[in-house]
Amino acid sequence: MKKVVRGFYSVAYSVKLCRPNVICAYPITPQTEIVENLATMYANGELENCRYITAESEFAAASILVGASAAGARTFTATCSQGLILMSEVLFNAAGMRLPIVIVNTNRALSAPLSIWNDLQDSMALRDAGIVQVYVENNQEAHDMVPQAYRIAEDKRVMLPFMICMDGFKLTHAYEPVDLLEQDVVDSFLPPYRPEVYLTTKKPLAFGCYAPPHVYMEFRVAMQRAMERAKDVMEKVFKEWAEISGRDWGGHLEIVYPDSKNFVIAMGSLVGLLRKVVDELRSEGFSIGLVKLRTFRPFPAEELRKNLGSAEKIIVIDRSFSCGYEGNLSIELKSALYGTNPEVISFILGLGGRDIPKDFIKELLRNSILGREKSGFKGFKEFEEVIP
Amino acid sequence: MRFFGRGHGACPGCGLTIAVRNVLEALEGKCFVVNPTGCLEIISSQYGRNAWGVPYIHSLFDNAAAVACGISEALKALGREDEGKVVVLAGDGATADIGLTLHGMFDRNHDVIYICLDNEAYQNTGHQQSALTPFGEATTTTPAGKVLFGKMGRKKDMVAIALAHGSPYVATSSAVLPADIRRKVKKASNIEGAKYIQIHCPCVTGWGIDGKDVVKVGNLAIETALYPIVEFENGKLITVRKVRDRKPVEEYLKLQRRFRHLFTSPEGKKIIAEIQRIADENALKYGIDLKK
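By convention here, each chain's residues receive numbers from 1 onward along its written sequence. The lettering of chains begins at A and the numbering of ligands begins at 1, in the order of writing. Side-chain atom pairs in this predicted model are given and counted only at pLDDT of 80 or more, local residue features only at pLDDT of at least 70, and totals for whole chains, interfaces and linings cover all residues.

For chain B, the name recorded in an unreviewed UniProt entry is Pyruvate ferredoxin oxidoreductase, with Archaeoglobus fulgidus as its organism. UniProt positions are given in the numbering used here, feature names are shortened, and annotations may be inferred rather than shown by experiment. Of chain B, the UniProt comment under Subunit (unreviewed entry) reads exactly: "Heterotetramer of one alpha, one beta, one delta and one gamma chain."

With an unreviewed UniProt entry as reference, chain A is termed Pyruvate ferredoxin oxidoreductase, source organism Archaeoglobus fulgidus. One UniProt comment on chain A, placed under Subunit (unreviewed entry), says "Heterotetramer of one alpha, one beta, one delta and one gamma chain."

Dropping the structure here:
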């Protein structure tokens, strides 16, 4: 059923269809309306076999879900920015305990200075946590990703938390036509959560045992193996989803114009704008294709090397950076392409919600192909501050 | 020892293990244990040497109450409430310092029995002060020196905090009163909501006492009124453990290395006098003295 809805609702409605048992969150802009929608459904008795809890902080929200997930419940939370990093101690722990909590992160900048606006710095800070990270381009993809997230996270070959990253404001607040899923479609795709081990008095087990040096490493290696297995599981689930929903979002990557000499690569809602820009540059005669990176963890290094290893130039658009080095995606891509020949130009744009106008990015891409542009921060002004 | 004990690594004379065994016996093993990082966790949950015969989870140092809320809510959502009660077994640091998710548990009144095993400092890591370390105690982070004489702040009143949250059942007990622990835990398990029980647990190494003196020292804490044994239901004080011929606090303090510095200087004398004043205040507040 196609309806014009906001990003919040596209997520909340999809969460409802996944039949979660425990939803727990703390409000934070620009996430709040997701859990407000769920709270309304809960207040109206529309969520069966479910408990909705308003926690006293994101730290508590994530902790409540650790308990609930360990007890065998399907769990959901949404957060971003300060909320995500307040959760971070718990989320690293949840990943180590192999709890398939699903999180929607409505990407927002980190303080200081305080900013409620969009960039990708928050989820990048959780890069090493052992959480699957997928970035969506629009609200239909966000809607479609929720059932897939549960299927992948709860697969016994994976059993890791899953974070769907959607741009704050740019997607959350946007009205878009979304084809809302039917309950029977989701039910046939996503079976109830039946973990192999969970907290029960019928078979007492201990969760979260501490590990001395003779066993700790084995647990961490097991997480890496699970991430590696997740790559295959995700590809299969993505394909199955395309078949049952009729919407094919691609694999870990989507490549537009794969025979191009030059490529631009980005994540999230910016890809929508780049589709248009790439088309316009091609009509000017430039050989340029587009790579939409959907999965950031596990990182699809082999796919990138296979598809981009023989390109001439790759332009990376980052909306976050590792302070003291460079853009996050750029770091990962260069590592993936090690030993191949493409020239990589990387730009860091749009931090803290700074607008990325179409003509601005088109000019950047054009100049990059023509060899007139250097890597670095773009679209900011130098100014004198107390601390320079 | 059906529910706890096989292979645990506690010191001989440890108060925690006495308390834990009695808590689990009172619940007949029908419970889910949430245990934050600390003494109890380290002595019982090494991978491959799990000492628990009940479902057990350790997540972090600072989130036991919230994890317990999650289990309690999950059991409700899944229709499995009959399986057992959710019990937190936390240390004093994890309760009164770093574990602030306790307040959300009280506020939303989740069905959890929160038990604070109070050995009055971070004993697992070698005796650092916590909010439940009493006034005048020397710890490694509040050492006795030339100008400071141990912890100069008060012991946090967690009982008052639990009561202020409207907790339906709040009590204190001691590892030296096993029957009292069992009665109170049983009672708590029949009350819906977020319950709080604080159990005084002597620590041989941290307090600097002889293993054979654990019961004696634990009893003296009660007999001096430094550790009032009380019970509140719906905010009303319903029982107090009375004391005949209350003992002077010196008798309690002098047996323990953690208070040794108070007996070697004129300033220490003043601190002992202040500790006596705290005991007198407790006795008056709860009517501890048994009149002849």
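Still more ground to cover, so stick around.
Residues and elements named next belong to chain B. Axis definition: a line fitted to C-alpha atoms, over the contacting stretch in the case of helices. Angles run 0 to 180 degrees between N-to-C directions. The helix and strand labels rest on DSSP assignments: H or I over at least four residues marks a helix, E over at least two residues marks a strand, and numbering proceeds from the N terminus. Between helix α3 (residues 64–77) and helix α5 (residues 101–108), whose axes approach to 6 Å, the crossing angle comes to 40 degrees. Considering the angle they form, α3 stands oblique to α5. Two secondary-structure elements touch here, α3 through Ala65, Ala66, Ala68 and Cys69 and α5 through Thr101, Leu102, Gly104 and Met105. Class assignment for the residues of the contact of α3 with α5 results in 6 nonpolar, 2 polar and no charged. Here the angle decides the label: under 35 degrees means roughly parallel, over 145 means roughly antiparallel, 65 to 115 means roughly perpendicular, and every other value means oblique. Each residue gets a C-beta atom placed from its backbone, and two residues are in contact if those atoms lie within 7 Å. Residues are grouped as follows: nonpolar covers Ala, Val, Leu, Ile, Met, Phe, Trp, Tyr, Cys and Pro; charged covers Asp, Glu, Lys and Arg; every other residue, Gly included, is treated as polar.

Moving on, we come to the environment of serine 10 of chain A. Residue and element names in this part refer to chain A. Relative to the helices and strands, serine 10 is located in helix α1 (residues 7–17). Our exposure labels follow a C-beta count within 10 Å of each residue's own C-beta, placed from the backbone: buried means 20 or more other C-beta atoms, exposed means 12 or fewer, and partly exposed covers the counts in between. Classification of serine 10 as buried rests on a count of 31 C-beta atoms within 10 Å. Sequence spacing of serine 10 and aspartate 179 is 169 residues, and the spatial spacing of their C-alpha atoms is 9.0 Å.

Interfaces are often sized by the amount of accessible area the parts lose when they come together. Facing the 38 residues of chain B at the interface are 36 residues of chain A. The set of elements that each furnish at least two residues to the side of chain B that touches chain A consists of β1 (31–34), α2 (39–44), β2 (56–57), α3 and α5 of chain B. Counting residues per element, the side of chain B that touches chain A draws most heavily on α3 of chain B, which supplies 11 residues. Tallied by class, residues from the side of chain B that touches chain A come to 19 nonpolar, 12 polar and 7 charged.

Should DSSP find at least two bridges between two strands, the strands are regarded as paired. In space, the 9 strands of this open sheet follow the order β9(A)-β2(B)-β1(B)-β3(B)-β4(B)-β6(B)-β5(B)-β7(B)-β8(B), with mixed pairing throughout. Bordering the open sheet on either side are β9 (206–207) of chain A together with β8 (236–240) of chain B, each of which pairs with just one other strand. Its contacts with the sheet put α3 of chain B on β1, β2, β3 (85–91) and β4 (112–118) of chain B, and the angle it makes with β3 of chain B is roughly 170 degrees.

Now for unusual backbone geometry. All names here are of chain A. Threonine 29 connects to proline 30 through a cis peptide bond whose omega is 0 degrees. Counting through the fold element by element, proline 30 comes out in the loop between β2 (22–25) and α2 (32–43). A cis amide bond links arginine 297 with the next residue in sequence, proline 298, at an omega value of -5 degrees. The topology assignment puts proline 298 in the loop between β13 (295–297) and α10 (301–308).

This next bit is on helix α8 (residues 216–245) of chain A. All names here are of chain A. For a helix, the expected span equals 1.5 Å multiplied by the residue count minus one. Taking 1.5 Å as the rise per residue, α8 with 30 residues should run 44 Å; its terminal C-alpha atoms sit 42 Å apart, in good agreement. To obtain the bend at a residue, axes are fitted to the seven residues ending there and to the seven starting there, and the angle between these axes is taken. When the local axis directions of α8 are compared, the greatest deviation, roughly 25 degrees, occurs at alanine 230. Listing the buried residues of α8 in full gives Ala226, Ala230, Met234, Val237 and Phe238. In this structure, the buried side of α8 is in contact with β6 (132–135), α6 (139–153) and β13. Positive backbone phi, approximately 80 degrees, marks glycine 246, located one or two places after α8.

Moving on: the environment of phenylalanine 377 of chain A. Its place among the elements puts phenylalanine 377 of chain A in strand β16 (residues 376–377). Distance from phenylalanine 377 of chain A to valine 197 of chain A, taken between C-alpha atoms, is 48 Å for residues 180 residues apart in sequence.

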